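Coordinate analysis (summary)
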Amino acid sequence: MPGTHSAMSRHMFTLNGNVLENGGAKNIAKGQFTIVKSNVATAAGATVVATGDFAALPASQVLEMRLGKHRVPDVRTASNSKAYASETFKLGNIVDIKKISPKFTKRKFDELVVGYDGINDISAINLEEGQHAVLDILLKGDHVGFIANSSSYPIKFHFGREVGETNQESIKRAVKALNAMTLTNNVSIQEVVDISVIDSTNLALTGVAYTFQTLTVVDNGDSNDLANVQAQYPTYNVTLASRDGLSSTYTILAPDATVLADYDYVTISAVDANCDEEAETTPTTVSTAWIAGKTCYATVENYKIQLPDGDCTASRAAELNAYYDGLTIVAGAPTGEASANVTLAGTSGTANVNIAGVDYLATFNTDLATTASDFVTAHASAILLASGAVITAVGDDIVVTDNAVGFPAILVEGITGDLDATVGAIVYAVSSATGACQGVYSTQVLTNIVCDECDPIFLKQFESNAPEDFDFSSWELVVGVADANAKMGIKIKGKAFDFTPTDISRDQIPFFETSTKVEVSGGYVMEVNQSFQDQYTDMFSVVRTSRAQDRDNLGGHLMQLEDASRAYFDGEVRHRDNMYARQVLGEESVLDFKKQYFQYAITIHDSKYSQGVGRTSDMGTTYNVWAELGKQAPMEAYMSAIATKVGMPF
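For the structure given in this document, a descriptive report is provided here.

Definitions and limits used
Residues numbered from 1 in each chain as written. Predicted model: local features only at pLDDT ≥ 70, side-chain atom pairs only at ≥ 80, totals over all residues. Heavy atoms only, no water. Helix = DSSP H or I, 4+ residues; strand = E, 2+ residues; numbered from the N terminus. Rg over C-alpha atoms; globule rule 2.2 N^0.38 Å. Buried < 20%, exposed > 50% of the residue type's maximum accessible area, 1.4 Å probe, protein only. Contact = heavy atoms within 4.5 Å. Core = buried A, V, L, I, M, F, W, Y, C linked by side-chain atoms within 4.5 Å. Pairing = 2+ DSSP bridges. Axes fitted to C-alpha atoms, helices over the stretch in contact; angles between N-to-C directions. Disulfide = S-S within 2.5 Å. Polar contact = N/O pair within 3.5 Å; in protein donor to acceptor, adjacent residues only side chain to side chain. Salt bridge = Lys/Arg side-chain N within 4 Å of Asp/Glu carboxyl O.

Regarding its fold elements, the protein chain presents eight helices and 36 strands. For a compact globule of 650 residues, the expected C-alpha radius of gyration is about 26 Å, and the protein chain comes in at 34 Å, more than 25% above that figure. Over its C-alpha atoms, taken along the principal directions, the protein chain stretches across nearly 110 × 85 × 50 Å. In the protein chain, which comprises 650 residues, the share counted as buried stands at 41%. Long-range contacts, defined as pairs at least 24 residues apart, comprise 72% of the intrachain contacts of the protein chain with a sequence gap of at least 6.

In structure tokens, the structure reads:
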């Protein structure tokens, strides 16, 4: 009576999907797969079955699957160069053949929207003055476990709208408090999740443009290589962004339109010499260009400080400017507004005035003052709608006025004739503030970098750090005027957690490619202190916009099966902490931690006679042959030919 057990599973991992399709198998390469006629040998080894040979192959032909391994040199070891080999079989012994593709080739992350969903006004967080609510956040997964020593981490966050606040102000304050939280081991919550404000009043991103520039070179990707790149670009911070095979990608964030000099690396090679001469060395300089990528933006935020003036008349602006290197400090309190003059020049033609990334055409008419006035008449409404900036004409100037935070970038390009313009420096408005032998002074501080999102409502907030205290007084951030009609929400997104060792360090460093899993609930009153107060049960909703999904069939997850195969086919265990033995014996993995793999499963039913009392073995073995995604075409064709021959779907 046949058993109900599943077939035994064996694994063969190919290097770059290599398939041997002609000749003999004597010199089959490491990680190269083939099927041979095990009883038909030549001087080149057992005869290989090519893709096109299966159709005419007789049912009686005895076959064997093989996977090449590293050719072991003549050393004192029990290791050998014999390829991995399956049991012998005939085509009629194949009872199943299937292809299992990676199911998830693109990573997804948990993303939840608390409150405003960008479409329905009623979804916005709407708290009454003095009303408070609670938000329950549960962080889970390997990422959290690695950092916080626990596979799940609950957070109960209380927030509310204070008397005199708008919902916009209260939500911005709540998100700032959330981002300031720390988990166990004093790890910032920002290590595991992105938490940002959703604000319906956000306009298209603008400010000072910065571009991420990348450099890809072949190197070891270690600290020495990073230092070599950093040494050539002392003005910028160089980071190692990624590592792919033998290539490293480095990143610099530089002001837009910056042209970075090529990265030069000197290689030294030996030149063959005659037997009676010493070999010469030749240095060669290899130059690699940087490639401009994504553009993001920074802006400035206004700060003010109140200081005693000493004799009630003297300004301390000069003293402050001398103390703070790199800051420009003026007397007066910042109003939160800024302006820049676009001074026209020329006698004919047209020019594009680009404000916040949008071109607006200026056309010369009579004189420059008329041209400026015409420009305001034609474009003021569109510019206000697109960027929030107000434009006016003052003589030959077009004056652009907007909030200091996110002040738009302005560029001018002549199109026809000689009409052109010069863009003046940004002037930050201040109001006089003195009294009681004190004065107020203001300055601007550069913010963080913010990148575009799919919709402006999801733009992260510009943030900066206050200058250090002066004369026992602290600088105060000047916030803009709040919008009472803003529809607000909070976006919470799990962060990627990637930890990729090398083949050398895999026994000491774990492999992870996952992300933080997030669950959020809330929208209820935590407590009611007075029985006559209204009860609000639907202050906001929580909507999941994306569910986390890790990629599957990753090389980093298959390496244990590769080790198990070595033990099964060779009876050997991979050397650990012995790099010499691993290199000499060719024990480097053929798998790439970050690549995905196709699985081709051939199940063989062994019905040959076994030892003892003339019975058959009646055993099943599944041989799983793996090929890298993107390099699986030769293996795909090979397996398809087998499936066609045995009449099985594939």
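Anyway, onward from the coordinates.
Core analysis: the biggest nonpolar cluster contains 34 residues, and Leu135, Ile137, Leu139, Phe159 and Ile492 have the highest contact counts within it. Counting residues per element, the ones that place at least two in this core are strand E7 (111–115), strand E8 (132–140), helix H1 (142–148), strand E9 (152–160), helix H2 (167–179), strand E10 (193–199), strand E30 (488–494) and strand E33 (517–524). Residue contacts for Ile492: discarding those within four places in its chain leaves Asp110, Glu111, Leu112, Val114, Leu135, Ile137, Asp194, Ile195, Val518 and Val520.

A few words on the sheet that holds strand E1 (residues 8–13). With respect to topology, four strands assemble into an open sheet ordered E1-E36-E35-E6, the strand pairing being mixed. Strands with a single pairing partner mark the edges of an open sheet, and in this sheet they are E1 and strand E6 (94–100). Strand-to-strand twist across the sheet, computed as the mean angle between neighbouring axes with direction ignored, equals 15 degrees. In terms of strand pairing, E6 meets strand E35 (residues 597–606) through six bridges, oriented antiparallel. Paired with Lys99 across the strands is Tyr600, a residue of E35. Sitting on the sheet, helix H6 (residues 555–570) touches E1, E35 and strand E36 (619–628), and the angle it makes with E1 is about 110 degrees.

Before going further, it helps to examine unusual backbone geometry. Positive phi is not limited to glycine here, since Asn16 has a value of about 60 degrees. Within the secondary structure, Asn16 sits in the loop between E1 and strand E2 (33–42). Despite not being glycine, Ala356 shows a phi value in the positive range, around 55 degrees.

With seven of its nine residues buried, strand E28 (residues 438–446) lies for the most part within the structure. Examined bridge by bridge, strand E17 (residues 300–308) and E28 share nine bridges and lie antiparallel to one another. Across the sheet, residue Val300 finds its bridge partner in E28, namely Leu446. Strand direction decides the pairing type here: strand E18 (residues 330–331) and E28, joined by two bridges, are antiparallel. Within E28, the residue paired with Ala331 across the bridge is Tyr441. Of the strand pairs in this sheet, strand E27 (residues 434–435) and E28 are connected by two bridges, and their pairing is antiparallel. Considered in E28, the bridge of Gly435 is made with Gln438. The turn joining E27 and E28, which pair antiparallel and follow one another in sequence, is formed by two residues; a positive phi near 55 degrees is taken by Ala436.

By the definition in use, this model includes one disulfide. Summary of cysteine pairing: Cys454 is not part of a disulfide, and the nearest cysteine sulfur, belonging to Cys451, is at 14 Å.

Attention shifts here to the side chain of Ser123. With respect to the helices and strands, Ser123 occurs in the loop between E7 and E8. By relative accessible area, which is 9% here, Ser123 ends up buried. Residues contacting Ser123, with those up to four places away along its chain left out, are Gly115, Tyr116 and Asp117.

This part covers the side chain of Thr206. Tracing the sequence through the fold places Thr206 in the loop between E10 and strand E11 (208–218). Accessibility expressed as a relative area gives 8% for Thr206, which makes it buried. At 3.4 Å, the side chain of Thr206 and the backbone nitrogen of Ala409 are in polar contact. For Thr206, the residues in contact, after removing those within four places along its chain, are Tyr297, Ala356, Gly406, Phe407, Pro408, Ala409 and Phe462.

Before going further, it helps to examine the pattern of salt bridges. For the structure shown, the criterion picks out 33 salt bridges. One salt bridge in this structure joins Lys156 and Asp136, with 2.7 Å as the shortest N-O distance. In this pair, Lys156 is assigned in strand E9 and Asp136 in strand E8, connecting sequence segments 20 residues apart. Given a relative accessible area of 45%, Lys156 falls into the partly exposed group. Its relative accessible area of 18% is what places Asp136 among the buried residues. In this structure, the salt-bridge partner of Glu628 is Lys631, at a minimum N-O distance of 3.8 Å. Connected through salt bridges with shared partners, the residues Asp503, Arg506, Asp507, Asp563, Arg566, Arg574, Arg576 and Arg582 form a single ionic network.

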